[in-house]
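# A look at the structure
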Amino acid sequence: MITEKTIQLFQKAKFAPPIHFSILRGRVLEITNRARRKKQVYKVDLLALRAPSECVVSVAWRWWLISLGVFLLTVSLVLVFSYLHLKVYTLIVGASGVLANMFLAALAWKNGSRQQVFYSRHSNVPLVSLHLGVPNKNEFQRFVQLLEEQIETIRQEFHLTRDQELAGEMRTLRRLTNDGVISLDEYEDSKEVLFQKH
């Protein structure tokens, strides 16, 4: 049975704007994103989502590689200066290298992310991304579990044909494109996938 109770999750991750998720009337996921004093509210029909969700880890490789390059350069210069018995330069280069590496590691950490992602059922477009373990592990896991259960429950109760599912997903993707949630290129690619499955 579809639950009428509103289920909510508020996330404020480090270096990210606050996001509020609400399952409304057991059918719609409302997402409120407050980025840079600008509030964006959009809705995703649960019938358009695929359960279970997937854990996605993105690594900021560019910043880690720059950090590695700075580390190797620092080690090389420290070895050269210590071989030449230039202790002051060795200390300056070593300290500067450590500070630069700490800064670059912080940038790499900031630009990487761990998220739980819900994709569209048929076209595999990421529609909902939740920060892993935020605000805390129990609250996060409870919300994801309830959302996945609600997706399956609503799918079983509506008994939609494949064509109805594809048409509903196309409407949801078009609305999200108009709301600026997904790009026009993502929409066109997903439309092509959905037409091929039709």
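Coordinates for the structure precede this section.
Described in the following lines is the structure provided in the data block.

About the cut-offs
Residues numbered from 1 in each chain as written. Predicted model: local features only at pLDDT ≥ 70, side-chain atom pairs only at ≥ 80, totals over all residues. Heavy atoms only, no water. Helix = DSSP H or I, 4+ residues; strand = E, 2+ residues; numbered from the N terminus. Buried < 20%, exposed > 50% of the residue type's maximum accessible area, 1.4 Å probe, protein only. Axes fitted to C-alpha atoms, helices over the stretch in contact; angles between N-to-C directions. Parallel < 35°, antiparallel > 145°, perpendicular 65-115°, else oblique. Nonpolar A, V, L, I, M, F, W, Y, C, P; charged D, E, K, R; others polar. Patch = residues over 30% accessible without salt bridge, like charges linked within 9 Å, V, L, I, M, F, W, Y side chains within 5 Å. Areas by Shrake-Rupley, 256 points an atom, 1.4 Å probe, with all protein chains shown as cover. Salt bridge = Lys/Arg side-chain N within 4 Å of Asp/Glu carboxyl O. Lys, Arg positive; Asp, Glu negative; His and termini not counted. Charge placed at Lys NZ, Arg CZ, Asp CG, Glu CD. Pairing = 2+ DSSP bridges. Expected span 1.5 Å × (residues − 1). Arc of directions from axis to C-beta. Contact = heavy atoms within 4.5 Å. Core = buried A, V, L, I, M, F, W, Y, C linked by side-chain atoms within 4.5 Å.

Going from Ala51 to Pro52, the amide bond is cis rather than trans, its omega being 5°. Structurally, Pro52 is set in the loop between strand E4 (38–45) and strand E5 (54–58). In this model, Val134 is joined to Pro135 through a cis peptide bond whose omega is 5°. With respect to the helices, strands and loops of the structure, Pro135 is situated in the loop between strand E7 (126–131) and helix H3 (137–158). Of note, Arg25 is a non-glycine position whose phi angle comes to about 50°, a positive value. The phi dihedral of His85 falls on the positive side, at around 60°, and the residue is not glycine. Tracing the sequence through the fold places His85 in the loop between helix H1 (61–83) and helix H2 (87–111). Since its relative accessible area comes to 67%, His85 is described here as exposed.

Our focus in this paragraph is the packing of H1 against H2. It is at 9 Å that the axes of H1 and H2 come closest, and there the two elements cross at 170°. Taken together, the axis directions place H1 and H2 in an arrangement best described as roughly antiparallel. Its residues placed into classes, the contact of H1 with H2 shows 16 nonpolar, 8 polar and no charged.

The subject of this paragraph is a negative patch on the surface. A cluster of like negative charges, contributed by Asp185, Glu186, Asp189 and Glu192, occupies part of the molecular surface. Mapped onto the elements of the fold, Asp189 is located in helix H5 (residues 184–197).

Take the pairing of strand E2 (residues 19–24) next. Burial analysis of E2 places 5 of its 6 residues in the buried class, the great majority of the element. Where strand E1 (residues 7–11) lies against E2, 5 bridges are found, and the strand directions are antiparallel. Across the sheet, Gln11 pairs through a bridge with Ile19, a residue of E2. Where E2 meets strand E3 (residues 28–35), 6 bridges bridge the pair, whose relative direction is antiparallel. Note on E3: the bridge partner recorded for Phe21 is Ile31. Between E2 and E3, which pair antiparallel one after the other, the connecting turn spans 3 residues, and Arg25 there sits at a positive phi close to 50°.

What follows concerns H3. Note that an α-helix has 3.6 residues per turn; residues three or four places apart therefore point the same way. With 22 residues, H3 should reach 32 Å at 1.5 Å per residue; the first-to-last C-alpha distance of 32 Å fits that figure. Of all the positions in H3, only Phe140, Phe143, Val144, Leu147, Gln150, Ile151 and Ile154 are classed as buried. Axial view of H3: buried residues confined to an arc of 125°, hence all on one face. Of the residues in H3, the exposed ones pointing more than 90 degrees away from the buried face are Lys137, Asn138 and Gln156. The inward-facing, buried residues of H3 abut E1, E2, E3, strand E6 (113–119) and E7.

By size, the foremost hydrophobic cluster in this structure holds 31 residues, and its most contacted members are Phe21, Leu29, Leu127, Val128 and Phe143. Looking at this core, the elements with two or more residues in it are E1, E2, E3, E4, E7, H3, helix H4 (162–178) and H5. For Leu127, the residues in contact, after removing those within four places along its chain, are Tyr42, Val44, Ala48, Leu49, Phe118, Tyr119, Ser120, Leu173, Leu176 and Ile182.

Turning our eyes to something else, we now look at the pairing of E7. Taken together, the 5 bridges between E6 and E7 define a ladder with antiparallel strand orientation. Its bridge partner being in E7, Tyr119 is matched across the sheet by Pro126. Adjacent in sequence and paired antiparallel, E6 and E7 are bridged by 6 residues, among which Asn124 carries a positive phi angle near 60°.

This brings us to the sheet that holds E5. As summarised here, the arrangement of the 3 strands in space is E5-E6-E7, forming an open sheet in which the pairing is antiparallel. The open sheet has two edge strands, E5 and E7, and neither has a second partner. Across the sheet, the axes of successive neighbouring strands diverge by a mean angle of 40°, strand direction being ignored. Bridge count for E5 against E6 is 5 bridges, and the pairing is antiparallel. Looking at the pairing, Ser58 lines up with Ser113 of E6.

Geometric values such as these leave the question of function open.
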